[in-house]
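# Examination of the molecular architecture
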Amino acid sequence: MPTDIPAPVAGYLTAKVDDHVEAVLKNFADDAVVHDEGRNHVGISAIRDWAAEISTRYRLERTVVETHRIGGAAVVLVRVAGNFPGSPVDLHHHFTVSEDRITALTICP
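Every value quoted in this text rests on a predicted model; they were computed, and no experiment measured them.

For helix α3 (residues 44–57), with 14 residues, the first-to-last C-alpha span of 20 Å sits near the 20 Å given by 1.5 Å per residue. Structurally, α3 contributes buried residues whose contacts are with α1 (7–14), α2 (21–25), β1 (28–36), β2 (39–42), β3 (60–70) and β6 (101–108).

What follows is the structure in structure tokens.
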């Protein structure tokens, strides 16, 4: 994992959603927002539901392609492969980090 990204971002990227949703959640602030597939998931409970839904629906492998850090933010290009149409796909993950927790994550093409 690149060393130029904040620790919670690295933690999120190395966590295996399908193994343990809590491994993903420990990187997020309680009031964090995740925007994925056109929907907002606000707060840790909604993010837990989002992560659990993904782990139920898909079997995913993520490969970090490129990282950029801008202050407390990180932009990570991730190749996502799995059991979904169009696999693999490259997705940009835009993270905002504050006080050692992810406060916002937007996932987009």
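Don't stop here, the text continues.
So, about the nonpolar core. Within the largest apolar cluster, 29 residues are counted, with the highest numbers of intra-cluster contacts made by Val-9, Tyr-12, Phe-28, Trp-50, Phe-95 and Leu-105. Those elements that place two or more of their residues in this core are α1, α2, β1, α3, β4 (73–82), β5 (89–98) and β6. With sequence-adjacent residues up to four places away left out, Tyr-12 is seen in contact with Val-24, Asn-27, Phe-28, Trp-50, Arg-62, His-93, Phe-95, Ile-102, Leu-105 and Ile-107.

Before going further, it helps to examine the pairing of β6. Within a regular beta strand, the side chains point alternately toward one face of the sheet and then the other, so they alternate between its two faces. Inspection of the sheet shows β1 paired to β6 by four bridges, in the parallel sense. Each bridged residue has a counterpart across the sheet, and for Val-34 the counterpart in β6 is Leu-105. The sheet contact formed by β5 and β6 spans seven bridges and is antiparallel. Pairing of Ser-98 across the sheet is with Arg-101, part of β6. The hairpin formed by β5 and β6 contains two residues between the paired strands, and Glu-99 there has a positive phi angle of roughly 50 degrees.

In space, the six strands of this open sheet follow the order β2-β1-β6-β5-β4-β3, with mixed pairing throughout. Each end of this open sheet is capped by a strand with a single partner; those strands are β2 and β3. The sheet shows a mean angle of 20 degrees between the axes of neighbouring strands, direction not considered. Helix-sheet contacts for α3 involve β1, β2, β3 and β6, and the interaxial angle to β1 is about 50 degrees.

Before going further, it helps to examine the packing of aromatic side chains. The description of an aromatic ring pair uses the distance of the two centres, along with the angle that the planes make with each other. Tallied over the full model, the rule gives three aromatic pairs. Measuring from ring centre to ring centre gives 5.9 Å for Tyr-12 and Phe-28, while their planes differ by 90 degrees; the resulting arrangement is edge-to-face. Here Tyr-12, found in helix α1, pairs with Phe-28, found in strand β1; they are 16 residues apart in sequence, far enough to count as distant. Phe-28 matches Tyr-12 in its accessibility class, with the two residues each being buried. When the ring of Tyr-58 is compared with that of Phe-84, the centres are 5.9 Å apart and the planes differ by 75 degrees; the resulting orientation is edge-to-face. Here the residue Tyr-58 occupies a position in the loop between α3 and β3, and Phe-84 occupies one in the loop between β4 and β5, the gap between them amounting to 26 residues. Judged by relative accessible area, which is 17%, Tyr-58 ranks as buried. Given the relative accessible area of 18%, Phe-84 is considered buried.

So, how was this worked out
- Residues numbered from 1 in each chain as written.
- Predicted model: local features only at pLDDT ≥ 70, side-chain atom pairs only at ≥ 80, totals over all residues.
- Heavy atoms only, no water.
- Helix = DSSP H or I, 4+ residues; strand = E, 2+ residues; numbered from the N terminus.
- Expected span 1.5 Å × (residues − 1).
- Contact = heavy atoms within 4.5 Å.
- Core = buried A, V, L, I, M, F, W, Y, C linked by side-chain atoms within 4.5 Å.
- Buried < 20%, exposed > 50% of the residue type's maximum accessible area, 1.4 Å probe, protein only.
- Pairing = 2+ DSSP bridges.
- Axes fitted to C-alpha atoms, helices over the stretch in contact; angles between N-to-C directions.
- Phe/Tyr/Trp six-rings, centres within 6.5 Å; stacked < 30°, edge-to-face > 60°.

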